[in-house]
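A structural walkthrough
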Amino acid sequence: MVCGGFACSKNALCALNVVYMLVGLLLIGVAAWGKGLGLVSSIHIIGGVIAVGVFLLLIAVAGLVGAINHHQVLLFFYMIILGLVFIFQFGISCSCLAINRSKQTDVINASWWVMSNKTRDELERSFDCCGLFNLTTLYQQDSAFCTAICKSRSSTCQMCGEKFLKHSDEALKILGGVGLFFSFTEILGVWLAMRFRNQKDPRANPSAFL
């Protein structure tokens, strides 16, 4: 069977969805591992990662079942959902790559003050820093109650905002690049599903258009 045939389209779509399933299971596993080891205790972060993993897993299962059974309805909704995910993911990825240092500072500053005290304490211990930016009197309060190891070595610690900014550029580029890569695989999935949906199954009645 040539690569443009029914079997090739089916196998390619199945393989793509198996990859999506593995990525979804990996996200769920990493979130559970991080929670189990106490690396992250925020239920919002853990819940968000697990939700993304479950959503990706469900899409992959629907696509896989639709590809194996040549199910028209499943393939149609698979195309629609995957197309919407592509639009959303492509926009987020471009935003990650385009955000400048000033915007990063604003985002970090806004996020810091909506975190719980427990989450801030975990970040300070993890990054070995105290406070965010030395801009307000709240910095002195954070620094006074800081439990990072650097407090035992010196009376002053590096500000967490400086360390966050140091790693944020690299993290955003990685997230944006990986997001763009997967967004184009989603376009490939939409194209394969649309193509496969309009092909005839050679094992079925030749006069029937499936």
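Here the structure is a predicted model, which is why all the values come from computation and not from measurement.

Rules used in this analysis
Residues numbered from 1 in each chain as written. Predicted model: local features only at pLDDT ≥ 70, side-chain atom pairs only at ≥ 80, totals over all residues. Heavy atoms only, no water. Core = buried A, V, L, I, M, F, W, Y, C linked by side-chain atoms within 4.5 Å. Buried < 20%, exposed > 50% of the residue type's maximum accessible area, 1.4 Å probe, protein only. Helix = DSSP H or I, 4+ residues; strand = E, 2+ residues; numbered from the N terminus. Contact = heavy atoms within 4.5 Å. Phe/Tyr/Trp six-rings, centres within 6.5 Å; stacked < 30°, edge-to-face > 60°. 1 Å grid on protein atoms, 1.4 Å probe; cavity = no way out; pocket = protein on both sides within 12 Å on 5 of 7 lines; lining within 4 Å. Points joined across faces, edges and corners; volume = space filled by probe spheres on them. Nonpolar A, V, L, I, M, F, W, Y, C, P; charged D, E, K, R; others polar. UniProt positions renumbered as here; feature names shortened; annotations may be inferred.

Considerations on the nonpolar core
- Leu13, Tyr20, Tyr78, Leu82, Ala193 and Phe196 are the most contacted members of the largest nonpolar core, which has 19 residues in total.
- Only α1 (6-36), α2 (43-69), α3 (72-98) and α8 (160-197) provide two or more residues apiece to this core.
- Contacts of leucine 13, omitting those with residues within four sequence positions, involve Ala67, Leu75, Tyr78, Gly189, Leu192, Ala193 and Phe196.
- If you look at the next biggest cluster of nonpolar residues, it comprises seven residues, including Ile108, Cys129, Leu132 and Leu165.

Things to note about the packing of aromatic side chains
- Enumeration over the complete set of coordinates arrives at four aromatic pairs.
- On the basis of an interplanar angle of 75° and a centroid distance of 5.5 Å, the ring pair of phenylalanine 76 and phenylalanine 77 is categorised as edge-to-face.
- Residue classification places phenylalanine 77 among the partly exposed residues on the basis of a relative accessible area of 49%.
- Through a chain of ring-to-ring contacts, the aromatic side chains of Phe86, Phe90 and Phe184 assemble into a single cluster.

Let's talk about the layout of surface pockets
- Empty space within the second largest pocket amounts to approximately 790 Å³.
- What lines the second largest pocket is a set of 21 residues, and nearest its centre among them are Leu27, Val52, Gln89, Gly179 and Phe182.
- Those elements giving two or more residues to the lining of the second largest pocket turn out to be α1, α2, α3 and α8.
- Its residues assigned to classes, the lining of the second largest pocket comprises 15 nonpolar, five polar and one charged.

With respect to the UniProt feature "transmembrane region" (unreviewed entry) in the protein
- Here, the residues flagged by UniProt with the feature "transmembrane region" (unreviewed entry) are residues 12-33, 45-68, 75-100 and 174-194.
- In the segment residues 75-100, helix accounts for 92% and strand for 0%; the C-alpha atoms at its two ends are 40 Å apart.
- This span, residues 174-194, is 100% helix and 0% strand, and a straight line between its end C-alpha atoms measures 30 Å.

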